Amino acid sequence: MYDDHYGLSGRPFQLTPDPAFWFDTATHKKAMAYLGYGLSQAEGFIVITGAPGAGKTTLVGHLMETIDPERLHVIKIVTTQIEAEDLLHMVAAGLNIDSTHLLKAQVLAAIEKQLHAVARTGRRTLLIVDEAQALPIESLEELRMLSNFQAGGYPLLQIFLLGQPEFRAKLSDQRLEQLRQRVIAMHELTPMDEDELDAYLIHRLSLVGWRGKPRFTNGANAAIYRWSGGIPRKVNQLASRVLLFGAIEQIDSFSGADVESVIADLEGDMAIERRAVPRPRVQSPAVEREAALRREVSSPAAPAAATPDAELAARLARLEARLEEQDAALRRVLTLMVDFVEVEDAHPTRRGAAA
């Protein structure tokens, strides 16, 4: 809708990562330098971390566009909580190995063989693991073991790990000491600086045919940065809604007040999404009966003329009477069971005949 109103050829602020919209903030430029250094070393682990929406996936996409496929075979894995053996199967698939019916030892042998085959073609193999913070310790250790594969003293596999900030804490686990020793570079993607925001907005708009309309005033930029904290995905989320608002209201120059109005709508939408519907509590029948008895005692439905103390005493009396009835019934059942056992013990021949 807003692309037509502003004469744009596409959506400049889509949430889906797109390397075509790559923008060199200071932190992303530094991350690319670390990745380039890592590739030149051709060994070990490179670790890039950042908050959700900081641009890790876009970073990888941009890296892929700079890589010569004739010199590097790339395997990309986006993890959830993948166990070690399943992770090996995913690496095998990235090497075009059908490991469906292979045991772990066979999978490892097949991976090493294929890594050698790739090396003989003059290419190196790069494994990129996104969302690495979700990997169990055992899976990370399996990656370290894969990095041991060598040919003539040269590593056959290099690994990039990308994850959220908590991944750094996971790496401090004493069980990962050997992996930490193989990390040759590490960088944290931080939010863009406030003075980078205007250039970021203009860059993305220019890629879809922007000719000066719409325009973001200094006040609008300040409001966008204040809400987003400089996180690219949050900037895109807000800017997209601002353009939609502008198309509806016929606005070509956004003020801080315009952006604040959109922020209020966004936060209202988020509050509705977060509002949880209470789930019914499931209790055992015994707990339900006890709760019912308590409600009967604590929630009197007495006539208006009855005093609270008198009504409470009456309900307590009824509760005690009910408990006495249950106790008597239980005693009768126990007596019958004892009588039955004694009769059986007194006539053992009956059991023999029955058998």
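Position numbers for residues start from 1 in each chain and track the written sequence from start to end. This being a predicted model, a pLDDT of at least 70 is required before a residue's local features are given, and a value of 80 or more before pairs of side-chain atoms are given or counted; all residues contribute to the totals for chains, interfaces and linings. Just so you know, side-chain values use all the structure's heavy atoms and leave hydrogens and water out.

Colleague: I keep staring at the overall build of the chain and nothing clicks. Help me out?
Modeller: Numbering of helices and strands runs from the N terminus, with a helix taken as a DSSP run of H or I at least four residues long and a strand as a DSSP run of E at least two residues long. Looking only at helices and strands, the chain features 15 helices and nine strands. Accessible area is worked out with a 1.4 Å probe on protein chains only. A residue is then buried under 20% of its type maximum, exposed over 50%, and partly exposed in between. The buried share of the chain, reckoned over its 355 residues, is 39%. Throughout, a contact is declared for two residues whenever any of their heavy atoms are within 4.5 Å. Pairs at least 24 apart in sequence give 74% of the contacts found in the chain among residues at least 6 apart. Using a 1.4 Å probe, the Shrake-Rupley method yields the accessible areas, and only the shown protein chains count as cover for residues. As displayed, the chain has an accessible area near 20,400 Å², and 54% of this comes from carbon and sulfur atoms.

Colleague: Looking at this structure, I do not really get the packing of aromatic side chains. What am I missing?
Modeller: Any two aromatic rings considered together are summarised by their centre-to-centre distance and by the angle between their planes. We call Phe, Tyr and Trp rings a pair once their centres come within 6.5 Å, taking the six-membered ring for Trp, and we label the pair stacked below 30 degrees between planes, edge-to-face above 60, and tilted otherwise. One pass over the full model with this rule turns up two aromatic pairs. Each ring, one from Phe 23 and one from Tyr 200, has its centre 5.7 Å from the other, and the planes form 80°; the classification is edge-to-face. Remark: Tyr 200 occurs in helix α9 (residues 197-206) and Phe 23 occurs in the loop between α1 (2-6) and α2 (26-41); sequence separation between them is 177 residues. Given a relative accessible area of 17%, Phe 23 falls into the buried group. Only Lys NZ and Arg CZ are tested; either one counts as a charge over a ring when it is within 6 Å of the ring centre and within 35 degrees of the ring normal. The ring of Trp 227 has Lys 234 sitting right over it, with the charged end atom 4.6 Å from the ring centre.

Colleague: Looking at this model, I keep getting lost on the nonpolar core. Mind explaining?
Modeller: Soluble globular proteins tend to pack their nonpolar side chains together in the buried interior. We call a set of buried residues a nonpolar core when its members are Ala, Val, Leu, Ile, Met, Phe, Trp, Tyr or Cys and they connect through side-chain atoms within 4.5 Å of each other. Of all hydrophobic cores here, the largest spans 34 residues; its most connected members are Ile 111, Leu 127, Leu 143 and Leu 161. Of all the secondary-structure elements, those providing two or more residues to this core are β1 (45-50), β2 (72-78), α4 (84-94), α5 (104-120), β3 (124-130), α6 (137-146), β6 (157-163) and α7 (166-171). Counting residues per element, this core draws most heavily on α5, which supplies five residues. Setting aside anything within four residues of it in sequence, one finds Leu 161 in contact with Phe 45, Ile 46, Val 47, Ile 48, Val 129, Ala 132, Leu 140, Leu 143 and Phe 167.

Colleague: Would you mind going over a negative patch on the surface with me for this structure?
Modeller: A patch consists of residues whose relative accessible area exceeds 30% and which take part in no salt bridge; residues with like charges are grouped when within 9 Å of each other, and nonpolar side chains (Val, Leu, Ile, Met, Phe, Trp, Tyr) when within 5 Å. Every case where a carboxyl oxygen of Asp or Glu lies within 4 Å of a side-chain nitrogen of Lys or Arg is listed as a salt bridge. In summary, the charge assignment counts Lys and Arg as positive and Asp and Glu as negative, without counting His or the chain termini. Lysine's charge is taken at NZ, arginine's at CZ, aspartate's at CG and glutamate's at CD. Side chains of Glu 83, Glu 85, Asp 86 and Glu 138 sit close together on the surface and give a patch of like negative charge. For Glu 83, the position within the fold is in the loop between β2 and α4.

Colleague: Please explain the sheet that holds β3 as it appears in this structure.
Modeller: Either a parallel or an antiparallel arrangement is found when strands of a sheet pair, and the pairing is made through backbone hydrogen bonds. Strand order across the open sheet formed by five strands is β2-β3-β6-β1-β7, with parallel pairing between neighbours. Two strands close off the open sheet at either side, each with one partner strand: β2 and β7 (183-189). With direction set aside, neighbouring strand axes in the sheet form an average angle of 15°. One bridge is not enough; two strands pair if DSSP finds at least two bridges between them. Bridging between β3 and β6 involves five bridges; their strand directions are parallel. Counterpart to Thr 125 in the pairing with β6 is Leu 157. Each axis is a line fitted through C-alpha atoms, taken for helices only over the stretch in contact, and angles between the N-to-C directions span 0 to 180 degrees.

Colleague: What should I look at first to understand the environment of Pro 155 in this one?
Modeller: With respect to the helices and strands, Pro 155 occurs in strand β5 (residues 154-155). With 36 residues separating them along the chain, Pro 155 and Ala 119 place their C-alpha atoms 9.8 Å apart. When residues no more than four places from it in sequence are discounted, the contact partners of Pro 155 are Ala 42, Glu 43, Phe 149 and Gln 150.

Colleague: Help me out: how do you make sense of the pairing of β6 in this one?
Modeller: Within a regular strand, the side chains alternate between the two sheet faces. Along β6, seven of the seven residues are buried, which leaves the element largely enclosed by surrounding structure. Residues Leu 157, Ile 159, Leu 161 and Gly 163 point to one face of β6 and Gln 158, Phe 160 and Leu 162 to the other, with burial holding for every one of them. Relative to β6, β1 runs parallel, the two being bridged by five bridges. Directly across from Val 47, in β6, lies its bridge partner Leu 161.

Colleague: Can you walk me through the pattern of salt bridges in this structure?
Modeller: Once their charged atoms are close, side chains differing in charge can pair, the charge on each being opposite to the other. The final tally for this structure, using the stated rule, is six salt bridges. The residue Glu 188 makes a salt bridge to Arg 168 at a minimum N-O spacing of 3.2 Å. Taken together, the residues span a long stretch of sequence, with Glu 188 in strand β7 and Arg 168 in helix α7 at a distance of 20 residues. Classification of Glu 188 by relative accessible area gives partly exposed; the value is 24%. Assessed through its relative accessible area of 31%, Arg 168 is described here as partly exposed. A salt bridge links Glu 177 to Arg 180; its shortest N-O distance comes to 2.3 Å.

The values reported here are purely geometric and, on their own, carry no functional implication.
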